[in-house]
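Listed below are the residues making up each chain.
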Amino acid sequence: MNLLSMRVLRKTNEADGICSFELIAESGEELPAFTAGAHLDVQIPGPENFVRQYSLANSPADRKRYLIGVLLDASGRGGSRSMHERVNEGDLLRVSPPKNHFPLVPDTRSALILAGGIGVTPLLAMAEELHRNHVSFDFHYAARSVARMAFRERLEKSPYRERVHFYLDDQSSGQPLNLTTILSTPDPGVHLYICGPRGFLDAAIGVAHASGWSEAQIHFEAFSNQVQEAGDAFDLRLARSERIIRVGSNEPVIHALSRNGIEVPTSCEQGVCGTCLTRVISGIPDHRDMYLTQQERERNDQFLPCCSRSRSSILVVDL
Ligand code: FES
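Remember, it's a predicted structure, so these values are computed and weren't measured experimentally.

Parameters at a glance
- Residues numbered from 1 in each chain as written.
- Predicted model: local features only at pLDDT ≥ 70, side-chain atom pairs only at ≥ 80, totals over all residues.
- Heavy atoms only, no water.
- Phe/Tyr/Trp six-rings, centres within 6.5 Å; stacked < 30°, edge-to-face > 60°.
- Lys NZ or Arg CZ within 6 Å of the ring centre and 35° of its normal.
- Buried < 20%, exposed > 50% of the residue type's maximum accessible area, 1.4 Å probe, protein only.
- Helix = DSSP H or I, 4+ residues; strand = E, 2+ residues; numbered from the N terminus.
- Pairing = 2+ DSSP bridges.
- Salt bridge = Lys/Arg side-chain N within 4 Å of Asp/Glu carboxyl O.
- Contact = heavy atoms within 4.5 Å.
- Core = buried A, V, L, I, M, F, W, Y, C linked by side-chain atoms within 4.5 Å.

(A) Here's a closer look at the packing of aromatic side chains. Applying the stated criterion across every chain, the model contains four aromatic pairs. When the ring centre of Phe 166 is taken as reference, the NZ or CZ atom of Arg 152 above it lies at 4.3 Å. In this arrangement the basic side chain of Arg 163 is found over the ring face of Phe 137, its NZ or CZ atom lying 4.8 Å from the centre.

(B) How the structure looks around the pairing of strand β6 (residues 92-95). Alternating positions in β6 separate cleanly, Leu 93 and Val 95 being buried on one face and Leu 92 and Arg 94 remaining unburied on the opposite face. Examined bridge by bridge, strand β1 (residues 4-15) and β6 share four bridges and lie antiparallel to one another. By the bridge assignment for β6, Met 6 is matched with Leu 93.

(C) Representation of the pattern of salt bridges. A complete count under the given rule lists 19 salt bridges for this structure. Ionic pairing is found between Arg 198 and Asp 202, a salt bridge with its closest N-O pair at 3.5 Å. A residue pair is termed a helical-turn pair when its members lie 3 or 4 positions apart in one helix, as Arg 198 and Asp 202 do in helix α5 (residues 198-211) at four residues. For Arg 198, a relative accessible area of 26% gives the class partly exposed. Looking at Asp 202, the relative accessible area reads 42%, which means it is partly exposed. Between Arg 311 and Asp 286 there is a salt bridge, with the nearest N and O atoms lying 3.6 Å from each other. Remark: Asp 286 occurs in strand β15 (residues 285-286) and Arg 311 occurs in the loop between β17 (309-310) and β18 (314-317); sequence separation between them is 25 residues.

(D) Focus on the environment of Ala 61. Here Ala 61 shows up in the loop between β4 (51-55) and β5 (66-71). Distance from Ala 61 to Ala 36, taken between C-alpha atoms, is 9.6 Å for residues 25 residues apart in sequence.

(E) Spotlight on the sheet that holds β18. The strand order across the open sheet formed by five strands is β13-β12-β18-β14-β16, and the pairing between neighbours is mixed. Unpaired on one side and paired on the other, β13 (243-247) and β16 (302-303) mark the two borders of the sheet. Alignment of strand β12 (residues 234-238) against β18, held across four bridges, turns out to be parallel. Bridge assignment links Leu 238 to a residue of β18, and that residue is Val 317.

(F) Region of the structure containing the side chain of His 84. Along the chain, His 84 falls in helix α1 (residues 79-86). Residue classification places His 84 among the buried residues on the basis of a relative accessible area of 15%. Setting aside its immediate chain neighbours within four residues, His 84 contacts Lys 11, Gly 17, Ile 18, Cys 19, Val 70, Leu 71 and Leu 72.

(G) Expanded view of the nonpolar core. Of all hydrophobic cores here, the largest spans 33 residues; its most connected members are Val 120, Leu 123, Phe 137, Phe 139, Tyr 141, Leu 155 and Tyr 193. For this core, the leading source of residues is helix α2 (residues 120-132), giving seven residues. Residues within four places of Tyr 141 in sequence aside, it is in contact with Ala 115, Gly 117, Val 120, Met 149, Ala 150, Leu 155, His 165, Phe 166 and Tyr 167. Counting residues in hydrophobic clusters, the runner-up holds 24 residues, among them Leu 114, Ile 182, Val 190 and Trp 213.

(H) Structural view of the environment of Glu 215. With respect to the helices and strands, the residue Glu 215 is situated in the loop between α5 and β11 (218-222). Spatially, the C-alpha atom of Glu 215 lies 14 Å from that of Leu 201, the residues being 14 residues apart in sequence. Excluding residues that lie within four positions of it along the chain, Glu 215 makes contacts with His 209, Gln 294 and Gln 295.

(I) Representation of α1 within the structure. Along α1, the positions that sit buried rather than exposed are Gly 79, Ser 80, Ser 82, Met 83 and His 84. Lining the buried residues of α1 we find β1, β2 (18-25), β3 (39-43), β4, β5 and β6.

This is the structure:
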């Protein structure tokens, strides 16, 4: 893939632990177009060669810059820390062209947007696009506290500000988000767009299902996925080479493969980006990702070996 060389034009503290990076082409040229909900794979400077996905938060109509927001994850493996500590204005970054796993449905006539914390970033681009296309929407944005609410001022000054509603877990300065109230009346003409951390997503999707929203109306993207690695040991049979690899009880599948000299391309290593998607020939995967839809999981014909495991004692994969 042809990577883009981008210069950090501006680095801004948007909230506690959240920085935004405004990127322009090193050449100064127009950038590849993107659609709302898209992200970049960013190669993060440093010896670890981290690649991380960051959603684009600016308007897709803006062809001169990309804007990303990065939450410092103190318990993470170091990608966000490197972005915060090593990357500064004027630096060059190598990034992929935009990719989109979380697009707006083309015929969206009305939308309900639910943002949890840093999950607001792709939804900002969606709101810009919906507004530009005269599509009605409501934007519900929840964060832990005022200090941790990034991009609030931008939303308060936006031309669609009367459609934006803010919620805070810290009740001394605001009201918490009440999903049951917001999702109480499913409307077949409305699409739901949800992004946030795993707990927020699980809660929002659970309430949407319980309230009668259909699968086709619910669109979501995980900001991050806390991967549970523990599980029973199992055998992974590689159909192309007929090899059998034992995956230990606390061992990620990609590590077991790598230990045996087989490298599967990975990026997020959290079951979010889909880079490691692998075809399953037989057996029942134990899906632990946030990438596949419920229908895709139920087909049991593919899985994400960076985070998922096996429910059956043998899993046969197309490797
Ligand atoms: Fe991202 Fe597996 S590497 S889903």
